[in-house]
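# Residue-level structural notes
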Amino acid sequence: MQASRARLFKEYKEVQREKVADPDIQLACDDTNIFKWTALIKGPSETPFEGGVFQLVFSVPEQYPLQPPQVRFLTKIFHPNVHFKTGEICLDILKNAWSPAWTLQSVCRAIIALMAHPEPDSPLNCDSGNLVDVLFV
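Heads up: these notes are all about the structure in this document. These figures come from a predicted structure and were not determined experimentally. (Residues numbered from 1 in each chain as written. Predicted model: local features only at pLDDT ≥ 70, side-chain atom pairs only at ≥ 80, totals over all residues. Heavy atoms only, no water.)

## Let's talk about the nonpolar core
- Core analysis: the biggest nonpolar cluster contains 33 residues, and Trp37, Ile41, Leu56, Phe58, Phe73, Ile89 and Ile111 have the highest contact counts within it.
- Counting residues per element, the ones that place at least two in this core are helix H1 (2-18), strand S1 (25-29), strand S2 (36-42), strand S3 (53-59), strand S4 (70-73) and helix H2 (104-116).
- In terms of residue count, H2 provides more of this core than any other element does, eight residues in total.
- For Ile41, the residues in contact, after removing those within four places along its chain, are Asp24, Ile25, Gly52, Val53, Phe54, Leu56, Phe73, Cys108, Ile111, Ile112 and Met115. (Core = buried A, V, L, I, M, F, W, Y, C linked by side-chain atoms within 4.5 Å. Buried < 20%, exposed > 50% of the residue type's maximum accessible area, 1.4 Å probe, protein only. Helix = DSSP H or I, 4+ residues; strand = E, 2+ residues; numbered from the N terminus. Contact = heavy atoms within 4.5 Å.)

Dropping the structure here:
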């Protein structure tokens, strides 16, 4: 657990330095629990999400960075790879393709990329998955 705390404090310091450098992501740690984070991400341009701001919640395990954080949308979003009720995100790096090289900031970047380039072959929201060709042309 000590290693995960050290890693999260390092990421926290990095986030403080990056605030100006990455205007699409506002990542914040809970004041009382280093294992709880939230993020505000901007919808990617030239997508149906452009102009929107989406809130994510992170639950970081004590085995981090050896295990991925659990991340979900708090903001309702109609997307093939997001469960419309729970906000769960179907993204390989949050499951079997996780690497300790990923950071919470880079996870946010990957989620923004997923918003712009959905994966209709692994939908959590089948209705949205069926509309990908219409929405993302």
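## Regarding H1
- Between the first and last C-alpha of H1 there are 24 Å, a value that for 17 residues agrees with the 24 Å anticipated at 1.5 Å per step.
- Turning to H1, its buried residues are Ser4, Arg7, Leu8, Glu11 and Val15. Axial view of H1: buried residues confined to an arc of 95°, hence all on one face. Residues of H1 that are exposed and point more than 90 degrees away from the buried face comprise Gln2, Lys10, Lys13 and Arg17. (Expected span 1.5 Å × (residues − 1). Arc of directions from axis to C-beta.)

## Focus on H2
- Helix length check: H2 (13 residues) gives 19 Å between terminal C-alpha atoms against 18 Å at 1.5 Å per residue, within 8%.
- Leu104, Gln105, Val107, Cys108, Ala110, Ile111, Ile112, Leu114, Met115 and Ala116 are the residues of H2 that are buried.
- Against H1, S1, S2, S3 and S4 lie the buried residues of H2.

## A word on the packing of aromatic side chains
- Following the criterion strictly, the structure yields four aromatic pairs and no others.
- Ring geometry for Tyr12 versus Trp37: centroids 6.4 Å apart, planes at 65°, classification edge-to-face. Of this pair, Tyr12 sits in helix H1 while Trp37 sits in strand S2, placing them 25 residues apart in sequence.
- Considering the side-chain rings of Phe49 and Phe54, the 5.8 Å spacing of their centres and the 85° angle between planes classify their relative orientation as edge-to-face. (Phe/Tyr/Trp six-rings, centres within 6.5 Å; stacked < 30°, edge-to-face > 60°.)

## Here we look at the environment of Tyr12
- Take Tyr12: its relative accessible area is 36%, and that puts it in the partly exposed class.
- Sequence-wise, Tyr12 and Leu104 are 92 residues apart; in three dimensions their C-alpha atoms are separated by 9.4 Å.

## Focus: the sheet that holds S4
- The sheet built from four strands is open, its strands ordered S1-S2-S3-S4 with antiparallel pairing. Of all strands in the sheet, those bounded by a partner on one side alone are S1 and S4. In this sheet, adjacent strand axes meet at a mean angle of 20° when their direction is disregarded.
- Across the sheet, H1 is in contact with S1 and S2; its angle to S2 comes to roughly 30°. (Pairing = 2+ DSSP bridges. Axes fitted to C-alpha atoms, helices over the stretch in contact; angles between N-to-C directions.)

## Focus: the environment of Glu50
- Among the secondary structure elements, Glu50 is positioned in the loop between S2 and S3.
- In this structure Glu50 comes out as partly exposed when scored by relative accessible area, which is 48%.
- Sequence separation between Glu50 and Met115 is 65 residues; the distance between their C-alpha atoms is 9.9 Å.
- Not counting the four nearest positions on each side in its chain, Glu50 is found in contact with Gly43, Pro44 and Ser45.
- Within the structure, the side chain of Glu50 is placed 3.1 Å from the backbone nitrogen of Glu46, a separation counted as a polar contact. (Polar contact = N/O pair within 3.5 Å; in protein donor to acceptor, adjacent residues only side chain to side chain.)

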